[in-house]
Amino acid sequence: MSSKKIEDFIIKYLCNEATKEDLDQLSKWISIDGNSRIFDEYVKIYYEVTTAMNKPPDIEKIKKNLLRDIQKDRKRSRILSVQNYFKYAAVFVLFFGIGYLLWQSIPDSKPTNILSPKDEPVTITLDNGTTKIIKPSEISVLRDSEGNIIGKQDQTQLTYSKDVETEELIYNTLKVPYGKRFDVVLSDGTQVYLNAGTTLRYPINFPKGKKRNVFLTGEAYFEVAKDNAHPFIVSIGTMHIEVLGTAFNVSNYSEDSSMSTVLVEGSIMLYQEKDEDALGGSTLLEPGFKAEWNKKNGNMSIEQVDTKIYTAWVEGKLVFRNTPFLRIRQSLERKYNVNIQNTNSDLDHQLYDATFDIETIEEVLESFKRSYEIEYYIENNEIIIK
């Protein structure tokens, strides 16, 4: 039987394409003394090829290894036997024939690579404009621009001291990037949970006789320390949320078309700035309700909601109920610090229900793919939805 014919049988066998007759012929050939070792070489090289299918074979390295084996056989025998010649010829044919062709035959799909979310630092800007990086793993003291201790850091939480007294308002600005969360306990004891992509500007101390005013871009959950003499105000653009002591969520991302607040307990008063001296009409919000302002026209709407949906992020969860896909992918971008490009404009307006907890971004995407048949691929560290 010719070497070409045997080569065809072996290739069909390794590619699971051999017929019963092919297998019978191959079995007879292997049973001949010496041919089993040649067959083993084919199998060995084949599996080396299949484990490197995602990259072109290193031709020079392969040649070097094969020539090394040939030299070993030459030392054992001055003249290569026909059998050895057949063996090495077969190996070369397999590697540079079937092996390279298999690599070439990989479907020409969009390049996919492992998604690597960006890792950006949490930063704090002091009253003199100095910006410092906060490492979430550290436990340290917090100092002002002059080196005075004003609080402490315990990993992902800053706690400001109640003992620091100032006559003037001195501000710090905490910036939390996408993919991270951070907490702040203000000097009055108010607890603030900051979601990914959030910036909070706040005084290091609240002087007596003045309102407690902080400024938010992004999303935060507030548990406000009660102080009847000093109302607490969260400013989001031209909108203001005033409270005495309560728990509520505020969302004001720059990319969103609206701002909103959801009241969990207590009561809050909502009003909009009309000019420097006058305030527009105020609205009192009750627990279990959400107020939403349209950024374009300033109109406000109020509706009763399940507050747990809007505060689930504090526990690391994402909960969506009857939510447009546009809002969902924006939330995913913030939580995982990834870029998601949607080429299907109709998809952004479709409504979905979903809940995620400890899943990775890859697991979230696969869940949408299974449940809603949403197709995607990863290219240049970006998620692209078809």
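The structure presented is a predicted model; accordingly, all values stated were derived computationally and were not measured. (Residues numbered from 1 in each chain as written. Predicted model: local features only at pLDDT ≥ 70, side-chain atom pairs only at ≥ 80, totals over all residues. Heavy atoms only, no water.)

*Asks:* Sorry, what's going on with the overall build of the chain here?
*Replies:* Helices and strands together make up the secondary structure of the chain, namely 8 helices and 23 strands. Going through the 386 residues of the chain one by one, you find that 41% of them count as buried. Long-range pairs, those at least 24 residues apart, make up 52% of the contacts in the chain with a sequence separation of at least 6. Element-wise, carbon and sulfur atoms account for 48% of the exposed surface of the chain, whose accessible area totals about 22,000 Å². (Helix = DSSP H or I, 4+ residues; strand = E, 2+ residues; numbered from the N terminus. Buried < 20%, exposed > 50% of the residue type's maximum accessible area, 1.4 Å probe, protein only. Contact = heavy atoms within 4.5 Å. Areas by Shrake-Rupley, 256 points an atom, 1.4 Å probe, with all protein chains shown as cover.)

*Asks:* Can you walk me through the environment of Tyr310 in this structure?
*Replies:* Here Tyr310 lies in helix 6 (residues 307–311). A relative accessible area of 26% places Tyr310 in the partly exposed class. When the C-alpha positions of Tyr310 and Thr261 are compared, they lie 9.2 Å apart, and in sequence the two are 49 residues distant. Residue contacts for Tyr310: discarding those within four places in its chain leaves Glu219, Asn249, Val262, Lys290 and Val305.

*Asks:* Help me understand the environment of Lys162, please; the structure alone is not making it clear to me.
*Replies:* Topologically, Lys162 is positioned in the loop between strand 5 (157–160) and strand 6 (171–176). For the pair Lys162 and Ser187, spaced 25 residues apart in the sequence, the C-alpha separation amounts to 4.8 Å. Aside from chain neighbours lying at most four places away, what touches Lys162 is Ser187 and Gly189.

*Asks:* Any chance you could explain the pattern of salt bridges here in plain terms?
*Replies:* In this structure the tally under the stated criterion is 10 salt bridges. Taking the shortest distance from any N to any O, the salt bridge between Glu292 and Lys290 comes out at 3.4 Å. When sorted by exposure, Glu292 lands in the same class as Lys290, which is buried. Notably, a salt bridge pairs Glu303 with Lys290, separated by 3.5 Å at the nearest N-O pair. Of this pair, Glu303 sits in strand 18 (residues 300–304) while Lys290 sits in strand 17 (residues 289–294); the two residues are 13 residues apart in sequence, bridging distant segments of the chain. Taking relative accessible area as the criterion, Lys290 reaches 9% and is therefore assigned buried. Overlapping salt bridges bring together Glu255, Asp256 and Arg334 as one network. (Salt bridge = Lys/Arg side-chain N within 4 Å of Asp/Glu carboxyl O.)

*Asks:* Looking at this model, I keep getting lost on helix 1 (residues 3–14). Mind explaining?
*Replies:* Given 3.6 residues to a turn, an α-helix orients residues that are three or four positions apart in the same direction. Spanning 12 residues, helix 1 covers 16 Å between terminal C-alpha atoms, matching the ideal 16 Å at 1.5 Å per step. Within helix 1, burial applies to Ile6, Glu7, Phe9, Ile10, Ile11 and Leu14. (Expected span 1.5 Å × (residues − 1).)

*Asks:* Before we go on, may I ask you to explain the nonpolar core in this structure?
*Replies:* Nonpolar side chains in soluble globular proteins tend to end up buried together. With 40 residues, the main nonpolar core has Leu174, Tyr202, Phe222, Val234, Ile241 and Phe248 as its most contacted residues. If you tally residues by element for this core, the top one is strand 10 (residues 212–223), at 4 residues. Apart from residues lying up to four places away in sequence, Ile241 is in contact with Phe232, Ile233, Val234, Ile236, Phe248, Val250, Thr261, Ile268, Met269, Leu270 and Trp293. (Core = buried A, V, L, I, M, F, W, Y, C linked by side-chain atoms within 4.5 Å.)

*Asks:* Explanation requested: the pairing of strand 2 (residues 131–134) in the structure shown.
*Replies:* Side chains on a regular strand alternate between the two faces of the sheet. Sheet topology note: the strand 1 (residues 122–125)/strand 2 ladder contains 4 bridges and is antiparallel. Within the sheet, the bridge partner assigned to Thr125 lies in strand 2 and is Thr131. (Pairing = 2+ DSSP bridges.)

*Asks:* Would you mind showing me how to read the confidence of the model for the chain here?
*Replies:* Fine structural detail should not be taken from predicted coordinates in areas where pLDDT scores are low. Per-residue pLDDT for the chain averages 82, and the proportion of residues at 70 or more is 78%. Confidence drops under pLDDT 50 across residues 98–111; counting only partners more than four residues distant or on other chains, this segment forms 18 contacts. In this model, residues 275–279 is a region of pLDDT below 50 whose contacts with residues beyond four sequence positions or in other chains number 4 contacts. (pLDDT = per-residue confidence, 0-100.)

*Asks:* Looking at this structure, how should I read the sheet that holds strand 23 (residues 382–385)?
*Replies:* Taken in spatial order, the 3 strands make up an open sheet running 20-23-22, and their pairing is mixed. Each of the sheet's edge strands pairs with one partner strand only, and the pair in question is strand 20 (340–342) and strand 22 (376–379). Within the sheet, the average angular offset between the axes of one strand and its neighbour, ignoring direction, is 25 degrees. Two elements, strand 22 and strand 23, share 4 bridges in a ladder whose sense is antiparallel. Bridging across to strand 23, Tyr377 finds its partner in Ile384. Docked against the sheet, helix 8 (residues 361–372) engages strand 22 and strand 23, running at close to 150 degrees with respect to strand 22. (Axes fitted to C-alpha atoms, helices over the stretch in contact; angles between N-to-C directions.)

*Asks:* Any chance you could explain the packing of aromatic side chains here in plain terms?
*Replies:* For any pair of aromatic rings, geometry is given as the distance between the ring centres together with the angle between the planes. Under the definition given, this model contains 12 aromatic pairs. Note on Tyr352 and Tyr372: the rings are 4.6 Å apart at their centroids and 75 degrees apart in plane angle, and the pair reads as edge-to-face. With Tyr352 in strand 21 (residues 351–356) and Tyr372 in helix 8, the pair connects residues that are 20 residues apart, well separated along the chain. Among the aromatic residues, those joined into a ring-pair cluster are Phe325, Tyr352, Phe356, Phe368 and Tyr372. (Phe/Tyr/Trp six-rings, centres within 6.5 Å; stacked < 30°, edge-to-face > 60°.)

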